[in-house]
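# Secondary and tertiary structure notes
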Amino acid sequence: MSLTKEESILEVRNLRTSFFTDEGEVKAVDGVDFSIEKGKTLGIVGESGSGKSITSLSILRLLQEPVGRIKEGEVIFKGEDLLKKSKKQMMAIRGNNISMIFQEPMTSLNPTLTCGEQIAESIRIHQKLNKKKAWEKSVEMLKLVGIPSPEKRAKQYPFELSGGMRQRVMIAISLACNPELLIADEPTTALDVTIQAQILELIKKLQEDMGTSLMIITHDLGVVAEMCDKVAVMYCGKVVEYADVKTVFTDPKHPYTIGLLNSVPKHDEDVEGDLAIITGSVPSPFNLPSGCSFAPRCPSAKEICHATLPELAETSDGDKVRCWIYTDQWEKEGEAVSRHE
Amino acid sequence: MFLYIVRRIFQTIPVMIGVTLAVFLMMHLIPGDAAKIMAGENANPEQIEQMRENLGLNEPLYQQYFSFIGNAVQGDLGNSIRTSRAVTSEIFDSRFWITVQLALVGTVLAVIFGLLAGIISATRKYSFADVSLMVIALFGLSMPNFWLGIMLIYLFSVNLGWFPVAGWGTWEHMILPAITLGTAGAAIIARMTRSSMLEVMDQDYIRTAYAKGVSDKLVIYKHGLRNALIPVVTVVGLQFGTLLGGAVITETVFAVNGLGRLVIDSIRAHDFPMVQGTILVCAVLFVVVNTMVDISYRLLNKRIDLN
Ligand SMILES: Nc1ncnc2c1ncn2[C@@H]1O[C@H](COP(=O)(O)OP(=O)(O)O)[C@@H](O)[C@H]1O
Ligand code: SF4
Ligand SMILES: [Mg+2]
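About the criteria used
- Residues numbered from 1 in each chain as written.
- Chains lettered and ligands numbered in written order.
- Predicted model: local features only at pLDDT ≥ 70, side-chain atom pairs only at ≥ 80, totals over all residues.
- Heavy atoms only, no water.
- UniProt positions renumbered as here; feature names shortened; annotations may be inferred.
- Helix = DSSP H or I, 4+ residues; strand = E, 2+ residues; numbered from the N terminus.
- Buried < 20%, exposed > 50% of the residue type's maximum accessible area, 1.4 Å probe, protein only.
- Contact = heavy atoms within 4.5 Å.
- Areas by Shrake-Rupley, 256 points an atom, 1.4 Å probe, with all protein chains shown as cover.
- Lys, Arg positive; Asp, Glu negative; His and termini not counted.
- Charge placed at Lys NZ, Arg CZ, Asp CG, Glu CD.
- Near = heavy atom within 4 Å.
- Polar contact = N/O pair within 3.5 Å; in protein donor to acceptor, adjacent residues only side chain to side chain.
- Domains from an automatic or database assignment.
- Buried area = accessible area lost by both parts, 1.4 Å probe.
- Salt bridge = Lys/Arg side-chain N within 4 Å of Asp/Glu carboxyl O.
- Patch = residues over 30% accessible without salt bridge, like charges linked within 9 Å, V, L, I, M, F, W, Y side chains within 5 Å.
- Core = buried A, V, L, I, M, F, W, Y, C linked by side-chain atoms within 4.5 Å.

In the nomenclature of an unreviewed UniProt entry, chain A corresponds to Oligopeptide/dipeptide ABC transporter ATP-binding protein from the organism Cytobacillus purgationiresistens. Looking at the Sequence similarities (unreviewed entry) heading of the UniProt record, one finds this comment for chain A: "Belongs to the ABC transporter superfamily." You can read under Subcellular location (unreviewed entry) in the UniProt record for chain A the words "Cell membrane".

This is the structure in structure tokens:
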């Protein structure tokens, strides 16, 4: 079930992004492949620090250069590689064809501009409307995202709004120009649980109404089950599993995905921490293992896992997994060796 | 907002009381007999007694203070011993305006050059331009006013002949003293703008602006500078106060007849009412400017309104 070009709006191939810090190179994104079909939703899951945010920032080329730099790869949006576009071309795409919602609604809006001004800004840039028309449109957008008395709210500053309201304003900004792709980076993590559901529902509804494709980053598997068609599981900057949402829940393949699913607290069960089942901790980004990054924590690891990095390869049912278990090599290997550092 | 302004103005009352008290007590804290010093070395005891009577020094201290305040409020700061003219007319006939003009031009220069240097530095972090500007700022900050003034006179007036050596009257007279006065302020504003701008450009809302497709220029000036200026405004206000202090030295170097020189000359002549009056006027000016800065800071930074 590989995707043909016409179906997919975004295809990321072998993306590698690094930060060059005083302590050395941080390979934040180290070989990421996935694609998003038109009108569909891709979920990206993984522990914090696995490179989800940097992947999304790389797509829109919003990294703070020269510290953060895309080293390799392709980001094909509607058949064209965004990494080959000029600065000006990228400006025309940002907020217009591809929009983004960030994790922190409290700090993602400019404190010195009114909410209306901040929505109107992208409308004026991309749709070349005059001030008055853009303002009317931004009030309309506020109404669309469910903000009561939008005329009044448009004139208010972000500090006058609650976190949930601010995230609605962010959504209004991002959808103001009818983007073909919306990237939402943990849009509800910073919000109250009751508000989380409302915001997700709003995103889902607007996505369906407007036919937008969605890439949603989350570490909440419940959100994935609810909203996504496909899932990419990330670990240490790499996609370790890429599959249909159904398969991921019924037949997870990568030992890390299995660990993630097992660590979700079941009903009436008190599990402490996010990943109670997976032992050990994420390796330091400065000192990644040379083989499979998950090997130091993997219960099935064998010699070959510590020695050589497996490829992201297609399994018989069409899912992609980066794990030696699903290769012909596996049977030839000896017993599992545990090398907990 | 209106309430805030009213409250802020009322808050200056204790400060004013403190200032007048300090200025008033100065007269009584100087070592020796003020009347004797003011009457001059050759005065006989009757003349000294007469001086004491004139100055009201025989009254109880609190009564002296209240009459000082009472007179000051009515615009009477006594008479100059040196010239016998009213202290207020000595101050406000021309000298006050010369110093205010000098301080204003100095502040304007400091703001223009400080902001420009700060923005250039922040947008080109660690570049040649950034490093050179910050080294220049460090020099500007560490140079004493009198030395900078003398160097400017030497270079631009004596050697190049571009500006008059001293005096007051035309805009050419104003340039070098204003540069002398404004340099330290420009350096402080440049450093402040740079660090504030760098901090702001790291904020999430800057990334949001880029993600909307806003151009570099607009991100820097509309989203960045607007936020970065908030702390700079406070510095500009404080700078104006420091400038008044710097005026004493600068006016002496450039032979400008402002408040600064008036203080120096009056101290030399033991003209206490004059010294007292000038210091009081400067202090009041400083308080007024600071209050205005606070209010404009508040206007700029609407977030504080919440509390
Ligand atoms: N500005 C930066 N400088 C250096 N390293 C960074 C920077 N931003 C992110 N990283 C590193 O990149 C990795 C991935 O970060 P990120 O994509 O934010 O993770 P997450 O999956 O939680 O969104 C982390 O290991 C982090 O340390
Ligand atoms: S490659 Fe080996 S270590 Fe890595 S996940 Fe698969 S079994 Fe575990
Ligand atoms: Mg993140």
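Text resumes after the structure shown.
## Section: the overall build of chain B
What chain B contains, in helices and strands, is 12 helices and 0 strands. Seen through its C-alpha atoms, chain B measures out along the principal axes to roughly 85 × 55 × 30 Å. Within chain B, buried positions represent 42% of all 307 residues. The contacts in chain B between residues at least 6 apart in sequence include a share of 72% that link residues at least 24 apart. Counting only carbon and sulfur atoms, one obtains 67% of the accessible surface of chain B, whose full area is about 15900 Å². The positive charge centre, built from 21 side chains, and the negative charge centre, built from 20, are 15 Å apart in chain B.

## A closer look at the site of ligand 1
Residue and element names in this part refer to chain A. Around ligand 1 sit 13 residues in total, of which G49, G51, K52, S53 and I54 are the nearest. The contact in question runs from an oxygen atom of ligand 1 to an N or O atom on the backbone of K52, over 2.9 Å. Contact with the protein chains hides 67% of the accessible area of ligand 1, taken as 560 Å² for the molecule alone. Those elements that provide at least two residues to the shell around ligand 1 are strand 1 (8–21), strand 2 (24–37) and helix 1 (52–59). Among the elements that make up the shell around ligand 1, the one with the highest residue count is helix 1 (3 residues).

## Notes on the domain arrangement of chain B
Residue and element names in this part refer to chain B. In terms of domain boundaries, chain B breaks down into domain 1 (2–73) and domain 2 (94–300). Here the C-alpha centre of domain 2 lies 33 Å away from the C-alpha centre of domain 1. Each partner contributes residues to the interface: domain 1 has 18 residues there, and domain 2 has 15 residues. Roughly 1600 Å² is buried in total at the junction of domain 1 and domain 2, and carbon and sulfur atoms are behind 82% of that figure. We note a salt bridge from R8 to D294, for which the minimum N-O separation is 2.7 Å. At the junction of domain 1 with domain 2, the criterion picks out 2 residue pairs in polar contact (both at pLDDT 80 or more). Looking at the side of domain 1 that touches domain 2, the elements that each hand over two or more residues are helix 1 (2–29), helix 2 (34–39) and helix 4 (61–73).

## Observations regarding the interface of chain A and chain B
Counting residues at the interface gives 26 residues for chain A, matched by 21 residues for chain B. On the chain A side of the contact with chain B, A:T112, A:E121 and A:F159 bury the most area, a combined 26% of that side's loss. Across the pair A:K87 and B:D216 runs a salt bridge whose closest N-O atoms are separated by 2.6 Å. Taken together, chain A and chain B are joined by 15 residue pairs in polar contact (both at pLDDT 80 or more).

## A closer look at a nonpolar patch on the surface
Judged by side-chain polarity, B:V108, B:I112, B:F113, B:L116 and B:I120 come together as a nonpolar surface patch covering roughly 440 Å² of accessible area. With respect to the helices and strands, the residue B:V108 is situated in helix 5 (residues 87–123).

## Overview of the nonpolar core
General note: in soluble globular proteins, nonpolar side chains tend to be found buried as a group. With 94 residues, the main nonpolar core has A:L10, A:F34, A:I59, A:I119, A:V169 and A:I171 as its most contacted residues. Sort the elements by how many residues they give to this core and helix 6 (residues 163–175) of chain A lands first, with 7 residues. Of the residues that make up this core, three or more belong to each of domain 1 (104–178) and domain 2 (257–340) of chain A. Every residue in contact with A:I119, bar those within four places of it in the chain, is listed here: A:S138, A:M141, A:L142, A:V169, A:A172, A:I173 and A:A176. Counting 27 residues, the second largest nonpolar core, distinct from the first, contains B:L102, B:L181, B:F240 and B:M274.

## Looking at the environment of A:A307
Residues and elements named next belong to chain A. Within the secondary structure, A307 sits in helix 11 (residues 303–307). In this structure, the C-alpha to C-alpha distance between A307 and G291, residues 16 residues apart in sequence, is 4.7 Å. Setting aside residues up to four positions removed in sequence, A307 forms contacts with S290 and G291.

## What to know about the UniProt feature "domain: ABC transporter" (unreviewed entry) in chain A
Following the UniProt record, the feature "domain: ABC transporter" (unreviewed entry) maps to residues 10–261 of chain A here. The span residues 10–261 of chain A is 39% helical and 28% strand by assignment, and the distance between its end C-alpha atoms comes to 27 Å.

## Thoughts on the pattern of salt bridges
Going through the model one piece at a time under the given rule, you end up with 25 salt bridges over all chains. A salt bridge links B:R85 to B:E90; its shortest N-O distance comes to 3.8 Å. For B:E90, a relative accessible area of 12% translates into the label buried. The structure contains a network of salt bridges with shared partners spanning A:R16, A:D30, A:E72 and A:K238.

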